[in-house]
Amino acid sequence: MIISWNTTNACNMYCAHCYRDAGVKADEELSTAEAKKLLTEIARAGFKIMIFSGGEPLMRPDILELVEYAAGLSLIPVFGTNGTLITKTMAEDLKKAGAKGMGISLDSLDKDKHDKFRAYKGAWEGAVEGMRNCFDAGLPFQIHTTVMDWNEKELEAITDFAVEIGAKAHHFFFLVPTGRAKTIEEESLRAEAYESVLTRIMKKQQEVDIELKPTCAPQFLRIAAELGIKTRFRRGCLAGLSYAIISPKGKVQPCAYLNMELGDVRKTPFDEIWKNSEVLNKLRTLEYGGGCGSCKYKRACGGCRARAAFYSDGDYMAEEPWCLYMEERK
C-alpha cells in the first residue's frame, strides 16, 4: 500500500501540468505536530510506502524531522521532487534521516523544453545535479517523466539516460487534466498514441535492467500480458484500493487527479477515513460502467478512474475514454 502527502503547496517552479496548482505556500498547512499525527494514522491504516510530495517537499523546513519520524513508524519514506534543491548536504541528510528513494522529474533531454514546461530556468541542470548528488550519497533515485505529445518520441532516450546516470527506475506519468493541466489537455495522448507509447515502454523494459512503470496508464498491464512480459505489478489504477493522497491542509482524495474531498484529517483520523469513506468503498467494488465494467482485464487494469471522471461529468466509475482495446471491442 502506498500513500502520498502533499507536504506543502510551496514550490520554486510553476509547472504547466501541476494538479495542485502549486507555487505559494497555502494558508493553514498541517503543522509538524499534525503531520506526525497523520503519519501515525497512515501507519495504523496499514500503509507501507510514504511519498512526501508537494509543491516541492524540500521547501518544507521540518521535512527531515518528518522523514525520520516516518521511518521510526516503519514506513518507507520516498519523495516526488523536482530535484533542484537536492544539494550534496541535503542528499546526505535525507539518507541519514531514513529516506529510501527520490523520484526526480525530467521531462525531456532538451534542456530548453524541460525548463519551459517547468517555467524555471535551470530546472534541467538542477534536476540532473540533484540526481548526481543522490548517487554520490548512496541515496537511490528514479526519474519521473510526464508524457505529452511533444516528448513522447524521446521516452526511450530518457530511459537510456536514466540507466547512464544510475537511476533505479524510470516512471512515466500520463497526463490527467486536473489543476493547471486542464489548460494543456489537448497535449495529452489519445487512444492510438496512448496504446503505442505503452507498447514501446513495455518493449523497452525487455532491453534494460531498471524498472519501467507507467502511471495513470493502467492498460500497461494488459499490454505486458499480451506481449508475454513479466512485471511485479498486479494492478493498474490503485485509487481507493491501495492508494490515496492527502493535501497540504489535510484533505483526503482517492488519487492526485481525482479531485474529490473524502474527509479532513484534522476532524477525522486518516485510518477511519480510509476504512469508512463511501467513495473509497464504491471504488473497491470494481463495478465500473461501460466497457471497463465488462472488460476481462478490469481486475488487473481498472481503467484510470480520474480520467474517467474528467471525461464523464464526474462519474469516477465510468469507462475510461483513451483505451484502444475498448475501442477494438466496440
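In this report, we go over the structure that sits alongside the text. Values in this document were obtained by computation on a predicted structure and should not be read as measured data.

Cut-off values and rules
Residues numbered from 1 in each chain as written. Predicted model: local features only at pLDDT ≥ 70, side-chain atom pairs only at ≥ 80, totals over all residues. Heavy atoms only, no water. Phe/Tyr/Trp six-rings, centres within 6.5 Å; stacked < 30°, edge-to-face > 60°. Helix = DSSP H or I, 4+ residues; strand = E, 2+ residues; numbered from the N terminus. Buried < 20%, exposed > 50% of the residue type's maximum accessible area, 1.4 Å probe, protein only. Lys NZ or Arg CZ within 6 Å of the ring centre and 35° of its normal. Core = buried A, V, L, I, M, F, W, Y, C linked by side-chain atoms within 4.5 Å. Contact = heavy atoms within 4.5 Å.

**Here's the deal with the packing of aromatic side chains**
To describe a pair of aromatic rings, one takes the distance between the centres and the angle between the planes. Scanning all chains against the criterion turns up 13 aromatic pairs. Aromatic pair Trp124 and Phe161: ring centres 6.1 Å apart, planes at 45°, arrangement tilted. Taken together, the residues Trp124 in helix H5 (residues 123–137) and Phe161 in helix H6 (residues 155–165) connect sequence positions 37 residues apart. You can call Phe161 buried: its relative accessible area is 14%. Through a chain of ring-to-ring contacts, three or more aromatic side chains come together here, namely Trp5, Phe52 and Phe79. Above the ring of Phe233, the side-chain terminus of Lys213 is found at 5.2 Å from the ring centroid.

**Details of the environment of Ala10**
Mapped onto the elements of the fold, Ala10 is located in the loop between strand E1 (2–6) and helix H1 (32–44). Along the backbone, Ala10 and Asp315 are 305 residues apart, and their C-alpha atoms lie at a distance of 31 Å.

**A closer look at the nonpolar core**
Judged by nonpolar contacts, the single largest core of 97 residues is most densely connected at Trp5, Ile42, Phe52, Phe79, Met102, Phe174 and Phe270. Here the element with the most residues in this core is H5; it accounts for six residues. Aside from chain neighbours lying at most four places away, what touches Met102 is Phe79, Thr81, Ile86, Leu94, Cys134, Leu139, Pro140, Phe141 and Gln142. Listed in part, the six residues of the second largest apolar core include Cys11, Met13, Cys18 and Ala22.

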